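Per-entry structural report
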4 protein chains.
Amino acid sequence: MDGRDWGKFLLPYEQAVEELKVKFKALRSELKARDEYAPIEFVTGRVKRISSILDKARRLSVPMDRIDTDIEDIAGIRIMCQFVDDIHRVAELIRHRKDLVLVYEKDYITNFKESGYRSYHLIVEYPVQTALGSMPVLAEIQIRTLAMNFWATIEHSLNYKYRDQLPPHVRDRLRKASEAAFQLDNEMSSIRQEIVHAQQDFEESSVI
Amino acid sequence: MDGRDWGKFLLPYEQAVEELKVKFKALRSELKARDEYAPIEFVTGRVKRISSILDKARRLSVPMDRIDTDIEDIAGIRIMCQFVDDIHRVAELIRHRKDLVLVYEKDYITNFKESGYRSYHLIVEYPVQTALGSMPVLAEIQIRTLAMNFWATIEHSLNYKYRDQLPPHVRDRLRKASEAAFQLDNEMSSIRQEIVHAQQDFEESSVI
Amino acid sequence: MDGRDWGKFLLPYEQAVEELKVKFKALRSELKARDEYAPIEFVTGRVKRISSILDKARRLSVPMDRIDTDIEDIAGIRIMCQFVDDIHRVAELIRHRKDLVLVYEKDYITNFKESGYRSYHLIVEYPVQTALGSMPVLAEIQIRTLAMNFWATIEHSLNYKYRDQLPPHVRDRLRKASEAAFQLDNEMSSIRQEIVHAQQDFEESSVI
Amino acid sequence: MDGRDWGKFLLPYEQAVEELKVKFKALRSELKARDEYAPIEFVTGRVKRISSILDKARRLSVPMDRIDTDIEDIAGIRIMCQFVDDIHRVAELIRHRKDLVLVYEKDYITNFKESGYRSYHLIVEYPVQTALGSMPVLAEIQIRTLAMNFWATIEHSLNYKYRDQLPPHVRDRLRKASEAAFQLDNEMSSIRQEIVHAQQDFEESSVI
């Protein structure tokens, strides 16, 4: 480890996570208060642990003085949705915000990872106001359905236990589980459209 | 509605929910701090809305003066687990607590509902200290896997939209989704045992 | 009352209060984590009640369609400090922020109100990101010592009980109490300088 | 330091503080919801830092294996009141609770410390439910007016800076400040009674 004071290094990231959590929770409350459909079920956030930052820097050959620009998920926000379509609506709401700048997007929904991982990632730059002035930090916003999150939570704890060296039969089972989660989402998505249609029918009939 | 002041009626239930949430979150933190496996992923809680209490009283023919003894889920706590086996460990931890009295249990895991609903329910009596003295309130603690919760969350929003009159094809799809969620849990459960075995192997080998 | 949906009207103000509370609490944590003196003891916030907004609009003859521009304290933040000098340091930190625009300042410390009220107010414009786009809202940030806050809290509850018609002898007592609070602050301020001097002596002596 | 795992040692104390904070905040909310006067302004809590526990054990010659029985303020709760009389009402409410056992009381209001410190302390035993079973922990509940708290907060930070060796002129000033705070409380107390009388007059006149 270099001589860096990691506690101080992480301060703006902790602040970014706190602020973004409050903001996305408010977005959900606001939509509910407007009697609109809220595509957000719940929001979590975390700052990456120092040991994980160092592991990742080593794995990706990131020099220590470029950690803040080259490791994009030190500040991480996770937004959970009921339906796959909700993910795109949330991404669209984020693209229109004026309090952050979109850097780029990674669509692991259309192109899901070989492991079975599915999620939509937005890398954003968020300006944090510190006692030393304004400071932009990178944050990764992951948007997922509840099923994707359920699967990813378990995959993460398995990878942590096996240190990313999953035995083949565990890997197979995880992939099958991912397919089941995928079908679950599809099944639900088809009902979502029927709900929308049912509601449109209702509104049209009440006009007559 | 009777002349009851519902705001005041719900006060001890709100207090019970707040206290039980803090207590079960602390249980999770405690186990993690002891470097033990924490069978709790996260905890939520809510007080039933007045309109839902009245609906339920009507449906079950509960007279107004027996709402507090006959409607058991006015205070509701939900505990989410990663694996099905964790549910039984959480139930066991609750049975040993000295700050509540177990009234009875409902095992919708072994005997799941026709709708596909799976969950383990404990009805408990929890004494709340109010400004007027100690007051026992009933609370329902639901314990579920993440997959069960994912399914139940969506079923709940569908039932809310359709007012419990689900169209047959929606009902069918939900049942299929429930089966998929069930298989997901089974798949995961089998890996759980392999993890435990793998860890035991590791610990034994490191003794030699 | 006009036909306005007050719940929706207050949404961006509630959001502004939540975000600003999180931000000023983070400022305190950040300074402490940097081993610097944190001039902030604690932070509170509230949205003005609808009845109070309407009272104030009537009292100041503000037409209903100008409430958002002419009533500046619908969103209110309160920052408590240990010493009078800290107030100016906090004000300076706020003036340098890039996430809000200072509209104007009211110095009730130098020029305190006849009632005995002392506090430093900054009226700021804070942009809230809503589902409908970015929306600037006015917020009043009050900065006070603990003694000023102690006095103001009690004055507020008295005014509430007497509906701003304080009996003369109560008003007199409050004014005397305000003077006592003022002397308390002065006494403390003089010790503050001695602490700073003592610390400077210590640092100088340790150079030799 | 002995071989003790302090993180684990402090777990039940952290739990006790969290639970008691939630409970006393609920007491305030409950009284307000009942339209009764709430003698509680706000509630804070903290677990004593390990370094402070060790300092105190050394100062009081407490052997390491008796820290949990002989140091009574490892878990600390602070309840702030508007008026001196409120302190006794809060103490009375605590004495009637069934979820804790009163061990003894220290009345630093009637008999204030030479330093000028005033506060009412209740030492209680509170049973925490841990994963290992029920465990009683000692907690100190301090009840104070806002003025007492204002003074004590500043005294604490001075003592921390001077390591309990306050220079004589600082000590004198603190004592004078304590007297001013005392007079402030007296002044306020006398108005409190007038408020009560005024309200009684109002209620009696409205009967006629």
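Please read these numbers as outputs of a predicted model, since none were measured by experiment. (Residues numbered from 1 in each chain as written. Chains lettered and ligands numbered in written order. Predicted model: local features only at pLDDT ≥ 70, side-chain atom pairs only at ≥ 80, totals over all residues. Heavy atoms only, no water.)

Taken residue by residue, the interface counts 23 residues in chain A and 23 residues in chain C. Of the roughly 2100 Å² buried where chain A meets chain C, counting both sides, 66% is carbon and sulfur surface. Ranking the residues of chain A by area buried against chain C places Arg 34, Gln 129 and Ala 131 of chain A at the top, with a combined share of 27%. The tally of links between chain A and chain C comes to 2 salt bridges. Between Lys 23 of chain C and Glu 19 of chain A there is a salt bridge; the shortest N-O distance is 3.9 Å. (Contact = heavy atoms within 4.5 Å. Buried area = accessible area lost by both parts, 1.4 Å probe. Salt bridge = Lys/Arg side-chain N within 4 Å of Asp/Glu carboxyl O.)

Next up on the list: the packing of aromatic side chains. With the rule as written, the count across this model stands at 18 aromatic pairs over all chains. Their ring planes at 45° and their centres at 5.8 Å tell us that Phe 42 of chain C and Phe 42 of chain D sit as a pair that is tilted. Here the residue Phe 42 of chain C occupies a position in strand β1 (residues 42-47), and Phe 42 of chain D occupies one in strand β1 (residues 42-47), the pair thus bridging two chains. Between the aromatic rings of Trp 6 of chain D and Phe 9 of chain D, the centroid separation amounts to 5.2 Å while the plane-to-plane angle is 80°, which identifies the pairing as edge-to-face. Placement of the pair is Trp 6 of chain D and Phe 9 of chain D together in helix α1 (residues 6-33), with a separation of 3 residues, close to one helical turn. (Phe/Tyr/Trp six-rings, centres within 6.5 Å; stacked < 30°, edge-to-face > 60°. Helix = DSSP H or I, 4+ residues; strand = E, 2+ residues; numbered from the N terminus.)

The next thing to look at is the relation of the copies chain C and chain D. Between the two copies of the chain lies a relationship made up of a rotation around an axis and a movement along it. Once chain C is rotated about the relating axis by 180° and shifted along it by 0.0 Å, it coincides with chain D to within an RMSD of 0.0 Å. Both copies of the chain, as the preceding transformation shows, are related through a two-fold rotation axis. Closest to the rotation axis within chain C is the C-alpha of Ala 180 of chain C, separated from it by 3.1 Å. Interface residue correspondence from chain C to chain D reaches 100%, placing this contact among same-surface, isologous pairings. (Least-squares fit on C-alpha atoms with pLDDT ≥ 70 in both.)

In this section: the sheet that holds β1 of chain D. Residues and elements named next belong to chain D. The 5 strands are arranged β1-β2-β5-β4-β3 in an open sheet whose pairing can be described as mixed. Each edge of the sheet is formed by a strand with only one pairing partner; in this case those strands are β1 and β3 (101-107). In this sheet, neighbouring strand axes are inclined to one another by 25° on average, regardless of whether the strands run parallel or antiparallel. Of the pairings in the sheet, the one linking β1 to strand β2 (residues 75-81) comprises 6 bridges and is antiparallel in character. Looking across to β2, one finds that Val 47 is bridged to Ala 75. Against the sheet, α1 touches β1, β2, β4 (120-130) and β5 (133-145), its axis set at about 180° to β1. Where helix α4 (residues 84-95) meets the sheet, its contacts fall on β2, β3, β4 and β5, and the angle it forms with β5 comes to roughly 165°. (Pairing = 2+ DSSP bridges. Axes fitted to C-alpha atoms, helices over the stretch in contact; angles between N-to-C directions.)

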